[in-house]
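# Coordinate analysis (summary)
The primary structure of each chain is shown beneath.
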Amino acid sequence: MTLFQIDENTQNFWVVTIPRTLPVLFLGCVFVSIQFYPGGNLLDRDQLGFDLTKNFLSELGGYESQSGQQNFLSAFFFNSSVFIFGLLGVTFFFVPKLFRSERVSYLLALCGAIIMVPGIIMFALVGVTPHDLYRDEHIFVAMNAFRCIVPSTLFLLLAMHRESVPLQFLAVGWVFLAVNICYVAFQAGFEDPTSSIASLTVSAIFQKVIILLAMINIISFSKAFEYLSKKKEKMA
């Protein structure tokens, strides 16, 4: 006997609506935050405003900008959106339920969800650890968020592949997984943004690419979850 029953509307809210809404909210807040960023980057305090090829997104959330100016509005929009993104963690408490009809798929989805939740929590903690106030903590959560997402994405993709989810819902996920593996390796062994403008540019652009792919992948996953939810309803 189950202690509580989750209705289909509640499940669909968390596995479809939330993962489609949060990426759009996050990207919208990042756009607004950029407009209020005073300026400066790691190597040039005199830069005006935010440069997508010279600034890291987390600089939007600093107490002060790299130019040393007060950064309240930019930090408010960025940090709030990152912290709210933590709601996505709830989604992955519901995801394994979509795979209950097949044991191996269920176990793969369960492993993926278990690893994904701390990854999302660490991503959300970027919003409460501004880089200029809690540098070590900020670096830890920012780097390990993406390290958790690598194996969790693999497990979820394998589970969905076993459930014959259409390729158009998984293609972005496989691309994201490959690029994210490269990004984690790059961070671990090659990244040094303070060494030169060229190195800073590579690091800053790579970060934007992986974040954008992550957001698109979450939306794509929501379509796969919707497919599985409808498949589950037909089998009921």
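Just above, that's the structure.
One structure accompanies this document, and this report is about it. Every chain is numbered on its own, with residues counted from 1 as its sequence reads. Only residues with pLDDT of 70 or above have their local features reported here, since the model is predicted, and side-chain atom pairs are shown and tallied only from 80 upward, although totals for entire chains, interfaces and linings are computed over all residues. Just so you know, side-chain values use all the structure's heavy atoms and leave hydrogens and water out.

### Notes on the side chain of Gln207
Keep this limit in mind: Helix and strand assignments come from DSSP, with helices taken as H or I runs of at least 4 residues and strands as E runs of at least 2, each series counted from the N terminus. Any two residues whose heavy atoms approach within 4.5 Å at even a single point are treated as in contact.
Locating Gln207 in the fold gives a position in helix α7 (residues 197-235). Beyond its immediate sequence surroundings of up to four residues, Gln207 is in contact with Phe56, Leu57, Ser58 and Tyr183.

### Quick notes on the nonpolar core
As a rule of thumb, nonpolar side chains are buried together in soluble globular proteins. Counted only if it meets this: Grouping buried Ala, Val, Leu, Ile, Met, Phe, Trp, Tyr and Cys residues that are joined through side-chain atoms within 4.5 Å yields what is termed a nonpolar core. The buried label applies to any residue whose accessible area, calculated with a 1.4 Å probe on protein chains only, is under 20% of its type's maximum; exposed applies above 50%, and partly exposed to all values in between.
Ranked by size, the top nonpolar core spans 59 residues in total, and within it Phe26, Phe92 and Met160 carry the most contacts. For this core, the leading source of residues is α7, giving eleven residues. Among all residues touching Phe92, those that are not within four sequence positions of it are Ala113, Met116, Val117, Ile120, Leu156 and Phe225.

### Some remarks on the environment of Leu177
By the secondary structure assignment, Leu177 is in helix α6 (residues 171-189). Taking the relative accessible area as the measure of exposure, Leu177 reaches 8% and is therefore buried. For Leu177, the contacting residues outside a window of four places in its chain are Val150, Thr153, Leu154 and Leu157.

### Regarding the packing of helix α5 (residues 135-162) against α7
To keep things clear, this is the line we draw: An axis is simply a line fitted to the C-alpha atoms; with a helix, the fit covers only the stretch in contact. Between two such axes, the angle follows the N-to-C directions and lies from 0 to 180 degrees. An angle below 35 degrees is read as roughly parallel, one above 145 as roughly antiparallel, one from 65 to 115 as roughly perpendicular, and any other as oblique. The handedness criterion is simple: a crossing whose near helix is rotated anticlockwise from the far helix by less than a right angle is left-handed, and one whose near helix is rotated clockwise is right-handed.
The geometry of α5 relative to α7 is characterised by a closest axis approach of 12 Å and an angle of 30° between their N-to-C directions. Relative to α7, α5 is oriented roughly parallel. By crossing handedness, the relation of α5 to α7 is classed as left-handed. Facing α5, whose interface residues are Phe146, Thr153, Leu156, Leu157 and Met160, α7 presents Ile210, Ile211, Phe221, Ala224, Phe225 and Leu228.

### Overview of the packing of aromatic side chains
Counted only if it meets this: Centres within 6.5 Å make a pair out of two Phe, Tyr or Trp rings, where for Trp the six-membered ring is used; the pair is then stacked when the planes are under 30 degrees apart, edge-to-face when over 60, and tilted otherwise.
Under the definition given, this model contains 16 aromatic pairs. Considering the side-chain rings of Phe36 and Phe77, the 6.0 Å spacing of their centres and the 5° angle between planes classify their relative orientation as stacked. One end of the pair, Phe36, is in helix α1 (residues 8-36); the other, Phe77, is in helix α2 (residues 72-84), with 41 residues separating them in the sequence. Three or more aromatic residues link up through ring pairs in this structure, and these residues are Phe26, Phe78, Phe85 and Phe123.

### Here's the deal with the pattern of salt bridges
Put simply, the test is: Each reported salt bridge corresponds to a side-chain nitrogen of Lys or Arg within 4 Å of a carboxyl oxygen of Asp or Glu.
Tallying each qualifying case throughout the model produces four salt bridges. In this structure, the salt-bridge partner of Glu102 is Arg162, at a minimum N-O distance of 3.0 Å. Here Arg162 lies in helix α5 and Glu102 lies in the loop between α3 (88-94) and α4 (103-125), a separation of 60 residues in the sequence. Its relative accessible area of 25% is what places Glu102 among the partly exposed residues.

### Quick look at the packing of α1 against α2
Rules: Note on residue classes: Ala, Val, Leu, Ile, Met, Phe, Trp, Tyr, Cys and Pro are nonpolar, Asp, Glu, Lys and Arg are charged, and everything else, Gly too, is polar.
Remark: α1 packs on α2, axes separated minimally by 8 Å, with the N-to-C direction vectors making an angle of 165°. Relative to α2, the element α1 lies roughly antiparallel. Here α1 runs over α2; the crossing is left-handed. On α2, the residues touching Leu22, Leu25, Phe26, Cys29, Val30, Val32, Ser33 and Phe36 of α1 are Leu73, Ser74, Phe77, Phe78, Ser81, Val82 and Ile84. Taken together, the residues that form the contact of α1 with α2 break down as twelve nonpolar, three polar and no charged.

### Quick look at unusual backbone geometry
You will see that Ser164, though not glycine, has its phi angle at about 60°, which is positive. Tracing the backbone through its elements, the reader meets Ser164 in the loop between α5 and α6. Judged by relative accessible area, which is 52%, Ser164 ranks as exposed.

### Regarding a nonpolar patch on the surface
Threshold: Here, patches come from residues exposed beyond 30% relative accessible area and free of salt bridges, joined within 9 Å for like charges and within 5 Å for nonpolar side chains (Val, Leu, Ile, Met, Phe, Trp, Tyr). The Shrake-Rupley method, run with a 1.4 Å probe sphere, supplies the accessible areas, and residue values consider only the shown protein chains as cover.
A cluster of nonpolar side chains, contributed by Phe36, Phe72, Leu73 and Phe76, occupies part of the molecular surface with about 410 Å² of accessible area. A total of three residues in the nonpolar patch trace back to one element, the largest contributor, which is α2.

### Description of the environment of Lys230
Residue placement: Lys230 occurs in helix α7. The sequence separation of Lys230 and Glu8 amounts to 222 residues, and the corresponding C-alpha distance is 9.9 Å.

### Re the side chain of Asn41
Threshold: Here a polar contact means two N or O atoms within 3.5 Å. Within protein one must be a hydrogen donor candidate and the other an acceptor candidate, and residues neighboring in sequence count only if both atoms are side-chain atoms.
For Asn41, the position within the fold is in the loop between α1 and α2. Here Asn41 falls in the buried class, since its relative accessible area comes to 3%. Engagement of the side chain of Asn41 in a polar contact is seen with the backbone nitrogen of Leu43, the distance being 2.7 Å. Reaching out from Asn41, the side chain makes a polar contact with the side chain of Gln47 at a distance of 2.6 Å.

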